[in-house]
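Okay, here's what each chain looks like letter by letter:
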Amino acid sequence: MIELLSHHTITQIGRYSDLSLVGISPALGSALLRQMLRLRRMEEALHAEYHPADEMRCPIHFCIGQEAVPAALSQVVLLDDHLFSHHRSHGYYFAKGAPLRELFAEIYGRETGANGGKAGSQDISHCESHFFSGAILAGAITIGVGAAFGFQRRKSRQISISGFGEGATDEGAFWEAIAFSGKQKLPILFVIENNRYATFSDQLKRQQTDNICERVRPFGVRATQIFGNDVILAYNTISQEVERLRNGDGPALIEAYTYRWNSHVGPEDDSINRYRSADEIAFWKENCPILILEEKLRAMGWVDDEIVGRMEAEIAKEIADNFRFAKESPFPTSIDWNRSNFELASPLADQLLREAEQGKYNQYQEEAKLGPY
Ligand SMILES: Cc1ncc(C[n+]2csc(CCOP(=O)(O)OP(=O)(O)O)c2C)c(N)n1
Ligand SMILES: [Mg+2]
């Protein structure tokens, strides 16, 4: 294994062979495989359905190839923990155990969606699951810091998790979040899925180095870099860090080197921009996170054709059910603020909205000559 991981040296690994099942039970190994397969098949199905029907009217940033981190997180985070993600939201929504049929319905713009069909893929949240997302790059990171500050003040064992890409670290908000959480020792885990590119832009065209973990340590943030397609390594690293955070030993950052197989956004092919090489894509496909775990589980005799076949059949049924639920659901007929984002998280905002609906602030509208909202 290379000493210091970097996207510019990582292909020297060739075929990754360090995945180790030491300390992992057969049940956990299978659960991690199942979770990655669920996420992969779900994304593949949405990808295939997007065109030509064009019934999904929101942009989708698919996460095919990046299943290891979400699958590992799904086995560690608790319901009460808060998870904040970014535009590539599906893996994190999935990791938090939020209901997938509500994700499908949300993408289809239906009333039964997680946000009543008004948020779409990038801004989806699921309050009951304590999952929040946002399309403003690095925006949700700062909200995650606020949540962690609240947990610390209340002496709770809850933690905040903020998941994003290396592109978000170009934003000042990221560094403010790092500085504040390091100084205050907040219970927050920053998870960076470093997939080298922000849209079509290589990290080394934007930053001096491509090791973010090296740069956050001086701020008092413990940082680990991992080969992000090794789901067992991801699981072990996340579990250890989460345990330390719950014991007041925060904050921590994990930089997981991984790769998106598809275009930056949507099912359209963006290779016309020629921003990545065929060799690089081949390296990451050869090191598919599902493949490298499944091979090991089969070698151990923990899964076989029959078990994997059953998993695939159950997943196919789940996905078909999710599509049916979404397509049969009605479109929203009115703007119901009470089913919008952050309902449970912000009673004050809800109160203000209710008061606004009752006309309490009409005088200001008049004064500002804004007309009816
Ligand atoms: C404040 C802001 N600036 C620009 C954008 C446009 N934008 C959307 S995704 C993206 C790149 C994100 O790259 P990264 O954070 O590495 O995540 P990835 O897409 O690779 O998962 C940019 C620049 C945005 N959403 N918000
Ligand atoms: Mg990126």
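**Student:** What should I look at first to understand the coordination of the magnesium ion (ligand 2) in this one?
**Tutor:** Between any two of four tetrahedral donors, the ideal angle at the metal is 109.5 degrees; between two of six octahedral donors, it is 90 or 180 degrees. Around the magnesium ion (ligand 2), the donor atoms from the protein are E166 (OE), E166 (OE), N195 (OD1) and Y197 (O), and they sit 2.0 to 2.8 Å away. Around the magnesium ion (ligand 2) sit 6 donor atoms; with metal-centred angles ranging over 50 to 168 degrees, the donor geometry is irregular. Of note, the donors binding the magnesium ion (ligand 2) are all from one chain and are spaced E-x28-N-x1-Y. In this pair, E166 sits in the loop between β3 (160-165) and α6 (172-184) while Y197 sits in strand β5 (residues 197-198), placing the two residues 31 residues apart along the sequence. The exposure class assigned to E166 is buried, which follows from its relative accessible area of 1%. A residue is classified by how much of its surface remains accessible, and Y197, at 6% relative accessible area, is buried.

**Student:** Mind showing me how you'd approach the domain arrangement of the chain here?
**Tutor:** Interface size, as often reported, equals the accessible area lost upon joining of the parts. Taken domain by domain, the chain comprises domain 1 (10-332) and domain 2 (343-373). Put simply, the middle of domain 1 and the middle of domain 2, counted by C-alpha atoms, are 36 Å apart.

**Student:** Sorry, what's going on with the sheet that holds strand β1 (residues 82-84) here?
**Tutor:** Strand pairing in a sheet relies on backbone hydrogen bonds. The paired strands run either parallel or antiparallel. Taken in spatial order, the 6 strands of this open sheet run β2-β1-β3-β4-β8-β7, and their pairing is parallel. What marks the edges here is a single partner per strand, and that holds for β2 (131-132) and β7 (222-227). Docked against the sheet, α6 engages β3, β4 (188-194) and β8 (252-257), running at close to 145 degrees with respect to β4.

**Student:** Sorry if this is basic, but what is going on with the site of ligand 1 here?
**Tutor:** In the vicinity of ligand 1 lie 16 residues, with H87, R88, A135, G167 and Y197 positioned nearest. In this structure, a nitrogen atom belonging to ligand 1 sits 2.8 Å away from a main-chain N or O atom of A135. Within the side chain of E166, one N or O atom sits 3.1 Å away from an oxygen atom of ligand 1. For ligand 1, whose free accessible area comes to 590 Å², the fraction covered by protein is 73%.

**Student:** Which parts of the structure should I look at to understand the packing of helix α4 (residues 100-107) against helix α12 (residues 305-328)?
**Tutor:** Packed helix pairs are specified by the crossing angle of their axes together with the interaxial distance, meaning the distance between the axes. Their axes nearest at 8 Å, the elements α4 and α12 cross at an angle of 45 degrees. Here α12 runs oblique to α4, going by the angle between their axes. The handedness of the crossing between α4 and α12 comes out as right-handed. Where α4 abuts α12, its residues L100, R101, F104 and A105 lie against E318, I319, N322, F323, F325 and A326. Its residues placed into classes, the contact of α4 with α12 shows 7 nonpolar, 1 polar and 2 charged.

**Student:** For this particular structure, what's the right way to read the confidence of the model for the chain?
**Tutor:** Detailed reading of the predicted coordinates is not advisable wherever pLDDT is low. Overall, the predicted model of the chain reaches an average pLDDT of 93, with 94% of residues at or above 70. Ranking the elements of the chain by mean pLDDT puts helix α14 (residues 362-368) last, at 62, and helix α2 (residues 68-74) first, at 99.

**Student:** Is there a simple way to think about the pairing of β7 in this case?
**Tutor:** A regular strand places its side chains on the two faces of the sheet in alternate fashion. The pairing of β7 with β8 spans 6 bridges and is parallel. Note on β8: the bridge partner recorded for Q225 is E255. On the question of chirality, the crossover connecting β7 to the parallel β8 by way of helix α9 (residues 231-246) is right-handed.

**Student:** How should I be thinking about the packing of aromatic side chains in this particular structure?
**Tutor:** Given two aromatic rings, one states the distance between the centres and the angle between the planes to describe the pair. Per the stated rule, a full pass over the model turns up 17 aromatic pairs. What links up through ring pairs into an aromatic cluster is the set Y16, Y197, F200, F227, Y259, Y275, F283 and W284. Of note, R101 hangs over the ring of F325, and the distance from its end group to the ring centre comes to 3.9 Å. If you follow R110 out to its NZ or CZ, it ends over the ring of F331, 4.0 Å from the centre.

**Student:** Please explain helix α11 (residues 289-300) as it appears in this structure.
**Tutor:** What sets the pattern is the α-helix's 3.6 residues per turn: residues three or four places apart point alike. Spanning 12 residues, α11 covers 17 Å between terminal C-alpha atoms, matching the ideal 16 Å at 1.5 Å per step. Among the residues making up α11, those that are buried are P289, I290, I292, L293, E294 and L297. Where α11 is buried, its residues touch α1 (26-50), α2, β7, α9 and α12. Following α11 by one or two positions, G301 adopts a phi angle in the positive range, close to 80 degrees.

**Student:** Any chance you could explain the pattern of salt bridges here in plain terms?
**Tutor:** Opposite charge on two side chains permits pairing when their charged atoms draw close. As enumerated under the stated definition, the model contains 23 salt bridges in all. For R41, the salt bridge identified is with E44, shortest N-O distance 3.0 Å. Of this pair, R41 and E44 both sit in helix α1, separated by 3 residues, roughly a single helical turn. Under the relative-accessibility criterion, R41 is labelled partly exposed at 26%. As a salt-bridge pair, R196 and E280 come within 2.6 Å of each other at their nearest N and O atoms. Placement of R196 in the loop between β4 and β5 and of E280 in helix α10 (residues 278-286) is noted, with a sequence separation of 84 residues between them.

Cut-offs and rules
- All chains use their own residue numbering, which begins from 1 and follows the written sequence.
- As a convention, the first chain written is A and the first ligand written is 1, with the rest following in written order.
- Local features in a predicted model are, by the rule used here, given only for residues with pLDDT of at least 70; side-chain atom pairs are given and counted only at 80 or more, and totals for whole chains, interfaces and linings are based on all residues.
- With hydrogens and water excluded, all non-hydrogen atoms of the structure serve as input to the side-chain values.
- Each metal site is built from N, O and S donor atoms within 2.8 Å (3.2 Å for Na, K and Ca), and since water is not included, such sites may look incomplete.
- Note on geometry labels: four donors, all angles 85 to 135 degrees, give tetrahedral; four donors become square planar and six octahedral when opposite donors are over 155 degrees apart and every other angle is between 65 and 115; remaining cases are irregular.
- Only DSSP runs of H or I covering at least 4 residues are called helices, and only runs of E covering at least 2 are called strands; the numbering of each starts at the N terminus.
- Relative accessibility thresholds used throughout: buried, under 20% of the residue-type maximum; exposed, over 50%; partly exposed, between the two (1.4 Å probe, protein chains only).
- Segment limits for the domains were obtained from an automatic or database-derived domain assignment.
- For two strands to be treated as a pair, DSSP must find no fewer than two bridges joining them.
- Should any heavy atoms of two residues lie within 4.5 Å, those residues are considered in contact.
- Orientation is described by axes fitted as lines to C-alpha atoms, over the contacting stretch for helices, and by angles from 0 to 180 degrees between their N-to-C directions.
- The criterion for a residue being near a molecule or strand is simple. One of its heavy atoms has to lie within 4 Å of it.
- Each polar contact in these results corresponds to two N or O atoms within 3.5 Å; when the atoms are within protein, one needs to be able to donate a hydrogen and the other to accept it, and residues that are neighboring in sequence are counted only if both atoms are side-chain atoms.
- The Shrake-Rupley method, run with a 1.4 Å probe, gives the accessible areas here. Residue values count only the displayed protein chains as cover.
- Any angle between 65 and 115 degrees counts as roughly perpendicular, while under 35 counts as roughly parallel, over 145 as roughly antiparallel, and the rest as oblique.
- A clockwise turn of the near helix away from the far one marks a right-handed crossing, whereas an anticlockwise turn of less than a right angle marks a left-handed crossing.
- Three classes are used, and their members are as follows: Ala, Val, Leu, Ile, Met, Phe, Trp, Tyr, Cys and Pro are nonpolar, Asp, Glu, Lys and Arg are charged, and the others, Gly among them, are polar.
- As a per-residue measure, pLDDT tells how confident the predictor is, with possible values from 0 to 100.
- Every crossover in which the path from the first strand over the helix to the second runs clockwise, viewed with the strands pointing away from the viewer, is termed right-handed.
- Two rings from Phe, Tyr or Trp (for Trp, the six-membered ring) form a pair when their centres are within 6.5 Å of each other. A pair whose planes differ by under 30 degrees is stacked, one over 60 is edge-to-face, and the rest are tilted.
- Either the NZ atom of lysine or the CZ atom of arginine qualifies as a charge over a ring when it sits within 6 Å of the ring centre and within 35 degrees of the ring normal.
- Expected helix span is taken as 1.5 Å per residue step, with the number of steps being one fewer than the number of residues.
- For this analysis, a salt bridge means a side-chain nitrogen from Lys or Arg found within 4 Å of a carboxyl oxygen belonging to Asp or Glu.

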